[in-house]
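Structural features, examined
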Amino acid sequence: MDLERDLDERRKALESVHRKIRSCTLCPLHTGRTKAVPGAGPTDAEIVFIGEAPGFYEDQQGIPFVGAAGRFLDELLAQSGIDRERVFITNVIKCRPPGNREPEIAEVEACRAYLDRQLEIIRPQVIVTLGRHSMARAFPDEKVSQVHGQPRTVVDAASGTDLVYFPMYHPAAALHQPSLRSVVEADFVLLRQVLNGELEPESYSPPPDVEQLSLF
Ligand code: SF4
């Protein structure tokens, strides 16, 4: 299949996933949402950022990362010279939890197939996890404080292909805790190096007693 046709098929497939998300009733979060927030960005994005869950403004607009954390993310991308057009942004769960509470495991589990399918269609060069709920998708037994900024290649359980994960703190954490700002900025410099092929990801296998993705 030629590249243009392939991209067109993928665009249609991604839009179909997003239509399903907008009308999804698989978990109780659909009852309180104003709008589901499937994600935004090009179908052939080189980087997928995965946050936690939509907040108040995202829920109102149906667009991810439109509040203060989104503005900070834009600033970080601009500072590190990463073109916003190379980026797709989404969340682990697509509907806002009441009061912005953390996602529950059952909600992440219910929503998981949507994110899997988005990644399968987009085929990004790097998946950036923002915060621990997102990081737990690949590294369920680790702490963001210990592994942020360390790119790792992981064999995807669903597709059997290699995926490069790059864990980071959530931008909102850096807004609440100013000492994290320089840490996040430094991680964005490393991210650009990964994209430029100047920083090689390490191979990662989950510890034998941890079944990967078992949290979900
Ligand atoms: S959070 Fe995900 S699984 Fe739950 S209703 Fe929204 S789209 Fe469906």
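See the structure printed just above.
Here is what the cut-offs are and how they apply
Sequence positions are assigned chain by chain, starting from 1 and proceeding in written order. Per-residue local features of the predicted model are confined to residues with pLDDT of at least 70, and side-chain atom pairs are confined, for both listing and counting, to 80 or more; whole-chain, interface and lining totals are unaffected and use all residues. As a convention, hydrogens and water are excluded, and side-chain values are obtained from all of the structure's heavy atoms. The way it works is that DSSP assigns letters per residue, a run of H or I at least four long becomes a helix, a run of E at least two long becomes a strand, and they are numbered from the N terminus. Radius of gyration means the value over C-alpha atoms here, while the globule rule gives 2.2 Å times the residue count to the 0.38 power. Here the aromatic set is Phe, Tyr and Trp, taking the six-membered ring for Trp, and pairing holds for ring centres within 6.5 Å; pairs whose planes are under 30 degrees apart are stacked, those over 60 apart are edge-to-face, and all others are tilted. Here the term buried applies to any residue with accessible area under 20% of the maximum for its type, exposed to any over 50%, and partly exposed to those in between, with areas from a 1.4 Å probe on protein chains only. In our convention, an over-ring charge means Lys NZ or Arg CZ found within 6 Å of a ring centre and within 35 degrees of that ring's normal. Residue contacts follow a heavy-atom distance rule, with two residues in contact if any of their heavy atoms lie within 4.5 Å. Lines fitted to C-alpha atoms define the axes, with helix axes restricted to the stretch in contact, and inter-axis angles between N-to-C directions lie between 0 and 180 degrees. Roughly parallel here means an angle under 35 degrees, roughly antiparallel means over 145, roughly perpendicular means 65 to 115, and every remaining angle is called oblique. When the near helix sits turned anticlockwise from the far one by under a right angle, the crossing is termed left-handed; a clockwise turn instead gives a right-handed crossing. Should DSSP find at least two bridges between two strands, the strands are taken to pair. The rule for a salt bridge is simple: a side-chain nitrogen of Lys or Arg has to be within 4 Å of a carboxyl oxygen of Asp or Glu. For a helix, the expected span equals 1.5 Å multiplied by the number of residues minus one. The arc in question is the one spanned by the directions pointing from the helix axis to the C-beta atoms.

Looking at the overall build of the protein
Scanning the protein for helices and strands turns up 8 helices and 6 strands. Listing each helix as α and each strand as β along the protein from the N terminus yields α-β-α-α-β-α-β-α-α-β-β-α-α-β. Its C-alpha radius of gyration of 16 Å places the protein within 12% of the 17 Å reference for a compact globule of 216 residues. Each principal axis of the C-alpha distribution contributes one length, and for the protein these read about 45 × 45 × 40 Å.

Describing the packing of aromatic side chains
Throughout the structure, instances matching the rule amount to 4 aromatic pairs. Taken together, a centroid distance of 4.7 Å and an interplanar angle of 85 degrees make the contact between Phe 139 and Tyr 204 edge-to-face. Of this pair, Phe 139 sits in the loop between helix H5 (132-135) and helix H6 (144-147) while Tyr 204 is found in the segment after strand S6 (202-203), placing the two residues 65 residues apart along the sequence. Owing to a relative accessible area of 0%, Phe 139 belongs among the buried residues under this scheme. The ring of Phe 139 is capped by Arg 152, whose NZ or CZ atom sits 4.8 Å from the centre of that ring.

Section: the side chain of His 170
Mapped onto the fold, His 170 is located in the loop between strand S5 (162-168) and helix H7 (171-176). Setting aside its immediate chain neighbours within four residues, His 170 contacts Gly 51, Glu 52, Phe 65, Ala 69, Leu 130 and Gly 131.

What to know about the side chain of Asp 187
Assignment of secondary structure puts Asp 187 in helix H8 (residues 181-195). Beyond its immediate chain neighbours, meaning those up to four positions away, Asp 187 contacts His 148, Gly 149, Phe 166 and Met 168.

Overview of the packing of helix H1 (residues 3-22) against helix H4 (residues 105-122)
The N-to-C vectors of H1 and H4 enclose an angle of 165 degrees; their axes lie 9 Å apart at closest approach. Relative to H4, H1 is oriented roughly antiparallel. The handedness of the crossing between H1 and H4 is left-handed. Packed against H1, whose contacting residues are Arg 10, Ala 13, Leu 14, Val 17, His 18, Lys 20 and Ile 21, the element H4 presents Tyr 114, Arg 117, Gln 118, Ile 121 and Ile 122 at the interface.

Thoughts on the sheet that holds S5
Within a sheet, adjacent strands bond to each other through the backbone by hydrogen bonds, running parallel or antiparallel. Strand order across the open sheet formed by 6 strands is S2-S1-S3-S5-S4-S6, with mixed pairing between neighbours. Edge positions in the open sheet fall to strand S2 (87-91) and S6, since each of these has one partner strand only. Bridge count between strand S3 (residues 126-130) and S5: 4 bridges; the pairing is parallel. Looking across to S5, one finds that Ile 127 is bridged to Tyr 165. Where H8 meets the sheet, it contacts strand S1 (47-51), S3 and S5, and its direction lies at approximately 165 degrees from that of S5.

Quick word on the pattern of salt bridges
Two side chains bearing opposite charge may form a pair once their charged atoms approach each other closely. Taken as a whole, this structure holds 15 salt bridges when the rule is applied. For Arg 123, the salt bridge is made with Asp 6, and the minimal N-O distance between the two is 3.3 Å. Separated by 117 residues along the polypeptide, Arg 123 in the loop between H4 and S3 and Asp 6 in helix H1 bring together distant segments of the chain. Classification of Asp 6 as buried rests on a relative accessible area of 17%. Note that Arg 181 and Glu 185 form a salt bridge whose closest N and O atoms lie 3.2 Å from each other.

Considering H1
For an α-helix, the turn length of 3.6 residues means that residues three or four places apart are oriented alike. Taking 1.5 Å of rise per residue, 20 residues should cover 28 Å, and H1 covers 28 Å from first to last C-alpha, within 8% of that figure. Burial in H1 covers these residues: Asp 6, Leu 7, Arg 10, Leu 14, Val 17, His 18 and Ile 21. Summarising the axial view, the buried residues of H1 lie within an arc of 110 degrees, below the 170-degree limit, and thus occupy one face. Those residues of H1 that are exposed and aimed more than 90 degrees away from the buried face are Glu 4, Arg 19 and Lys 20.

Topic: unusual backbone geometry
We note that Phe 65 has phi near 55 degrees; this positive angle belongs to a residue other than glycine. Within the element layout of this structure, Phe 65 appears in the loop between helix H2 (56-61) and helix H3 (68-79). For Arg 123, which is not a glycine, the phi torsion comes out positive at approximately 55 degrees.

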